[in-house]
Amino acid sequence: DEQVNTVLNELFALSKDQYLTGLWVKLPALLQHGDYERAAVLRNVLLDGAAQNQPFSMLALVASAYTIAGLKDDAWGIAKAESEKGRELTDDDRKLINAVMEAASTNYPAPQVFFDFTSDQVRLDAYLTISALAHQVGKPELASRALNDAVKFIQKSSVKIDRKKALANILYLANRS
C-alpha cells in the first residue's frame, strides 16, 4: 500500500488523468475483497474527477469494475444514477461494459464483440482493460486470454496504432500476472 500510494502521489503531480486511472486500478480489488464502503468512496472520487482524453469514460470503467467483480446489478444501477445526473455512456463505453459482462460470466467475449469499437486503439484498450480488471479480481486465465488477444491484434499489419506504446502496455500487464 505504501508503494502504491507513493506512485499515486507521483501520478497526481504529473497528470490528473493518470492519477485517476491509477486510482481506478484499486477499485476492482476493493470490490473483490468485499470492501464496499471504501469502494463507494473511491467510486465517488473517480466519477467526480472523471478523466479526459481516455478511450472510455470513467463511468464505463467504474461500471466495468463492478461488473467483473460480480456486481452487475450495481454496475447498471450506478450507470443509471449517473445518467440521471447528465453523464452519458458512448457507444464504445457500452460495448466495453457488455464485453466485460460476457467475460465476467465465464464466457470470453466472441471476437466480433471487439470488431465494433470505433478505432483500433479503442479495441486494443478494451482488451487491455479486460486483462487489467481480470488480474485485479484474481481471474488469471481471463487476464491472460485478453492479453493474448491484444498481442494477436497488434500483430496484424492493417492495425493502425502506436505499436511501441501498445507493446509497452502489454508488457506492463504481462509482468503483473
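Everything below is about the structure printed above this text.
About the cut-offs
Residues numbered from 1 in each chain as written. Predicted model: local features only at pLDDT ≥ 70, side-chain atom pairs only at ≥ 80, totals over all residues. Heavy atoms only, no water. Axes fitted to C-alpha atoms, helices over the stretch in contact; angles between N-to-C directions. Helix = DSSP H or I, 4+ residues; strand = E, 2+ residues; numbered from the N terminus. Parallel < 35°, antiparallel > 145°, perpendicular 65-115°, else oblique. Left-handed = near helix turned anticlockwise from the far one by under 90°. Contact = heavy atoms within 4.5 Å. 1 Å grid on protein atoms, 1.4 Å probe; cavity = no way out; pocket = protein on both sides within 12 Å on 5 of 7 lines; lining within 4 Å. Points joined across faces, edges and corners; volume = space filled by probe spheres on them. Nonpolar A, V, L, I, M, F, W, Y, C, P; charged D, E, K, R; others polar. Buried < 20%, exposed > 50% of the residue type's maximum accessible area, 1.4 Å probe, protein only. Lys, Arg positive; Asp, Glu negative; His and termini not counted. Salt bridge = Lys/Arg side-chain N within 4 Å of Asp/Glu carboxyl O. Expected span 1.5 Å × (residues − 1).

**Student:** It is not clear to me how the packing of helix 4 (residues 58-68) against helix 8 (residues 120-136) should be interpreted in this structure. Could you clarify?
**Tutor:** A pair of packed helices is captured by two measures, namely the crossing angle of their axes and the spacing between those axes. The geometry of helix 4 relative to helix 8 is characterised by a closest axis approach of 10 Å and an angle of 45° between their N-to-C directions. On the basis of their axis angle, the class for helix 4 and helix 8 is oblique. Remark: the crossing between helix 4 and helix 8 carries right-handed chirality. For the pair helix 4 and helix 8, the contacting residues are Leu61, Ser64, Ala65 and Ile68 in the first and Thr129, Leu133 and Ala134 in the second.

**Student:** Help me understand the layout of surface pockets, please; the structure alone is not making it clear to me.
**Tutor:** Any empty space left between the atoms is revealed when a probe the size of a water molecule rolls over them. Put simply, the second largest pocket is a space of about 160 Å³. Lining the second largest pocket are 13 residues; nearest its centre among them are Tyr108, Pro111, Arg123, Tyr127 and Asp149. Counting residues per element, the ones that place at least two in the lining of the second largest pocket are helix 7 (111-115), helix 8 and helix 9 (140-155). Broken down by element, the residue count for the lining of the second largest pocket peaks at four residues, all from helix 9. Residues belonging to the lining of the second largest pocket are distributed by class as follows: eight nonpolar, no polar and five charged.

**Student:** Teacher, can you tell me more about the side chain of Asp92 here?
**Tutor:** Its location among the elements puts Asp92 in helix 6 (residues 91-104). Salt bridges are absent for the buried Asp92, whose nearest opposite-charge side chain, Lys95, sits at 4.3 Å. Dropping the residues within four chain positions of it, Asp92 is found in contact with Phe56, Asp116, Phe117, Thr118 and Val122.

**Student:** Help me out: how do you make sense of helix 8 in this one?
**Tutor:** Given 3.6 residues per turn, any residue in an α-helix points the same way as the ones three and four places further on. Look at helix 8: 25 Å from first C-alpha to last across 17 residues, which is about the 24 Å you get at 1.5 Å a residue. Counting buried residues in helix 8 gives 14 out of 17 residues, a clear majority hidden from the surface. The first or second residue beyond helix 8 is Gly138, which carries a positive phi of 75°.

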